[in-house]
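# Residue-level structure breakdown
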Amino acid sequence: MKNLQVALVQPNFKIGGGSFVGYWLPYSVGCLWSYANQYEWVQNSFNLKEIIFKREQPSNVVDRLQDCKVAFFSNYMWNWEYNKHVAQQLKQANPNIIIVFGGPQVTNRPHEEQFFKHHPYVDSIVLGEGEEMFVDILNTIKEEGPLKDVYEGGRLVDLDIPSPYLTGVFDDIIANNEGYVFNGTLETNRGCPFACTFCDWGSLTYAKIKKFPIPKVIQELTWMAENQIDYVTIADANFGVFTDRDMEVTEKLVDLQNTYGYPKVVDATWYKNSSDEILEIVKKFISSGFNRGLTLSVQSMDFDVLEEIKRRNMEMSDLAMIFDKCNKEGIPSYTELILGLPKETFESWKRGLCDVIKAGQHNAIESWLAQLLENAHMNLPSQKEEHGLTSVIVENYISGFEEEDNIPEKVELVTGTKYMPTPKFIDSWLYGWVINNFHNFGWSQAIARVIYKNKGVEYEETYDKLFQACQDDQGKVGKLFQQAKDNIAYYLETGESKGFSGHTLMWEAQKDFHLHEEEVRAFVRKHLTQEFCKLDNYVYQHLLEFQHSYVTSPKESYPFQEVFGFNFYEYMNNIEDELTTSQASYKVDMLEQVKDEEYYNRLYFRRRQGWGKSILSKNNQIT
């Protein structure tokens, strides 16, 4: 007889608002229940009371769950504060309820950090993969035995395990929440061969990658399409590492999207050492028009930094080859770096940003602030001391719509190191601000690319000049730069967000750039002069016209035709090697035909797809 009630708690931020509200299906706890429920004794002894998948008033959750025998909480940075609040209230309402915490946010050094002293409402914690430990805990509860404080799970030997999608774990959530848009998580493998010190994913324990059976992966994708799951994240650490099977998954995904229209968007973290074979997968991946392109992150471009964080990037020539193919074939790409890693200096940081541009990344470069994740090697006290890491606990670093519970989530951000004290840390962030706002979003990109290739003007020289100009400017650009500086300095000092989300500070100014487009264009012309560009006046004036059209405008009607006088587009994308005069006509278009606030919203939501930069295609004749 099922008489022991189980609660599973894995809430996440909602996505969107108003008439569009999206939630993540609680994949981690769903895996626990589908795995345990394969045993008849679990089916006979336990009943799943409820899965908490969204943030709501803690008192409402407590009212519904307080009669449960046990509540399992899956914890990460997006629900840690909320989960602690709910668990504490649950224990107060029912001192006999068993509270179990697991997930990446739970420390793997519980004794050193005196976890149970600081969290007396927690009975047990689970470290590592949770499925087998979940079953072990349920069995102990059934037998009325004593629970251990710490359960440390090994890795599953065989990943041919029941799926929460295919066994109906999420069916009630979908059926009882009509009108919601659901996002899903897909695993095709587990493990990471890398051991980056800033990450809590790759470690010696997880060095070997283990694969889920392909038929199971295909069935889960089909379930997602049939159940109209809107957005899916492939949770592999290195999608594309197994080229044959990952191409098979991709082909099935695209086929399902073309048949059902779902999932609407799929995102993946691609294999760190990308290759020609992976580009073929990416081309297929985006062929349906649904999915995001290639994420190729480097975290740092400095050898000493990479050696210290135990990471190795691909050779610069290989990186350039991949970006070159992306640019020629119109494959959107995205690259991220992390500011605040050990041994990074202001000089190495700005050189690294420009090296990424030099390699050919002109679509999206994102600068993240280093987070001290609970179980990352970099978060060890010895590492903090060795590298002189200073940090601050901040609210709202990763953006999310305001939740009803009013419990802000927090992360610990690096604010400086002995190689890059806080003032230089802020300067480094501001240099990234210049790169992001002027190069990523296109305002100086065409000029910078043409003069680099044609006159050998290094990107660092171009952006050093604009960086200094932003500091000296008394106009709109200077005011936006100073506002960004004031906000990031306040954030890193206090941890408080004054009407902004921490990470979005990097591109918050883009709306103002587009609202004051003539002032921004004039700023670029003032500082990237004909003399600086080393071009004759005839070429320079035509390049300014091309640069003007390269950035979209909410005031313009798209598409339109334009003749630029030179083959700037082909030249800067290495489609043609020589800069020559041309009377070819180009269609100038934008990603989506939207106006007003929808246009400005996409500066955030579509930034990785290249929003703000025009789409150019050559016509055979002027029309």
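Structure: above.
If you're wondering where the values come from, they're calculated on a predicted model, not measured in any experiment.

## Some details on helix α13 (residues 346-359)
Since the α-helix packs 3.6 residues into each turn, any two residues three or four apart lie on the same face. End to end, α13 covers 20 Å across 14 residues, agreeing with the expected 20 Å (1.5 Å per residue, within 8%). With ten of 14 residues buried, α13 lies mostly within the body of the structure. Here α13 has its buried residues at F346, S348, W349, K350, G352, L353, C354, V356, I357 and A359. Of the residues one or two after α13, G360 is the one with positive phi, at around 120 degrees.

## Brief notes about the layout of surface pockets
A volume near 510 Å³ is recorded for the second largest pocket. Around the second largest pocket, the lining is made up of 22 residues, and of these W80, Q105, E374, I393 and E412 lie nearest the centre. Going through the elements one at a time, α4 (80-93), α5 (115-118), α14 (381-387) and β18 (410-416) are the ones with two or more residues in the lining of the second largest pocket. Considered class by class, the residues forming the lining of the second largest pocket number eight nonpolar, six polar and eight charged.

## Overview of the pattern of salt bridges
Counted under the stated rule, the structure contains 27 salt bridges. Notably, a salt bridge pairs E187 with R190, separated by 3.1 Å at the nearest N-O pair. One salt bridge in this structure joins E220 and K216, with 3.5 Å as the shortest N-O distance. With E220 and K216 both in helix α8 (residues 214-226) and four residues apart, the pair spans about one turn of that helix.

## Here's the deal with the sheet that holds strand β19 (residues 560-566)
Read from one edge of the open sheet, three strands run β19-β20-β21, paired in antiparallel fashion. Across the chains shown, the open sheet's two edge strands, defined by having one partner strand only, are β19 and β21 (615-619). If you compare each strand with its neighbour and ignore which way they point, the axes differ by 40 degrees on average. As judged from the five bridges shared by strand β20 (residues 581-589) and β21, these two strands associate in the antiparallel manner. Bridge pairing in β21 links K587 to S617. Running at roughly 155 degrees to β19, helix α22 (residues 537-550) makes contact with β19, β20 and β21 of the sheet.

## A short note on the environment of N258
As for its placement among the helices and strands, N258 is situated in helix α9 (residues 243-260). Taking the relative accessible area as the measure of exposure, N258 reaches 54% and is therefore exposed. Aside from chain neighbours lying at most four places away, what touches N258 is S288 and F290.

## A short note on the environment of V157
Checked against the element boundaries, V157 lands in the loop between β8 (150-152) and α7 (171-175). V157 sits in the exposed class, given a relative accessible area of 75%.

## A short note on the packing of aromatic side chains
For the coordinates displayed, the defined rule picks out 41 aromatic pairs. With a centroid separation of 5.9 Å and an interplanar angle of 25 degrees, the aromatic rings of Y27 and Y165 are classed as stacked. Taken together, the positions of Y27 in helix α1 (residues 27-36) and Y165 in the loop between β8 and α7 put the pair 138 residues apart, joining distant regions of the chain. Side by side, Y27 and Y165 carry an identical accessibility label, which is buried. Relative to F513, the ring of W433 lies with its centre 6.2 Å away and its plane at 75 degrees, an arrangement referred to as edge-to-face. Taken as a pair, W433 in helix α15 (residues 422-440) and F513 in helix α19 (residues 510-515) lie far apart in primary sequence, 80 residues in all.

Reading guide: rules and limits
The residue count restarts for each chain, going from 1 along the sequence in the order it is written. Local features in this predicted model are restricted to residues whose pLDDT is 70 or higher, and side-chain atom pairs enter the listing and the counts only when it is 80 or higher, whereas totals over whole chains, interfaces and linings include all residues. The side-chain numbers reported here are obtained from all heavy atoms of the structure, hydrogens and water having been left aside. By definition, any uninterrupted DSSP run of H or I lasting at least four residues is a helix, any uninterrupted run of E lasting at least two residues is a strand, and each is numbered from the N terminus. The span expected for a helix works out to 1.5 Å for each residue beyond the first. We call a residue buried when its accessible area falls under 20% of the maximum for its residue type, exposed when it is over 50%, and partly exposed in between, using a 1.4 Å probe and counting protein chains only. Computed over the protein atoms alone on a 1 Å grid, cavities are sets of points where a 1.4 Å probe fits but cannot get out and pockets are open sets with protein on both sides within 12 Å along at least five of seven lines; a residue lines them when it has an atom within 4 Å of a point. Grid points are joined across faces, edges and corners, and a volume is the space filled by probe spheres set on the points. Each residue receives one of three labels: charged for Asp, Glu, Lys and Arg, nonpolar for Ala, Val, Leu, Ile, Met, Phe, Trp, Tyr, Cys and Pro, and polar for the others, Gly being one of them. The rule for a salt bridge is simple: a side-chain nitrogen of Lys or Arg has to be within 4 Å of a carboxyl oxygen of Asp or Glu. A strand pair is defined by DSSP finding two or more bridges across the two strands. All axes here are fitted lines through C-alpha atoms, helices being fitted over the stretch that makes contact, and every angle between N-to-C directions spans 0 to 180 degrees. Contacts between residues were defined by any pair of non-hydrogen atoms, one from each residue, lying within 4.5 Å. Between the rings of Phe, Tyr and Trp (Trp by its six-membered ring), a pair exists once the centres lie within 6.5 Å; its type follows the angle of the planes, with under 30 degrees stacked, over 60 edge-to-face, and the other angles tilted.

By themselves, these observations are geometric and do not establish any function.
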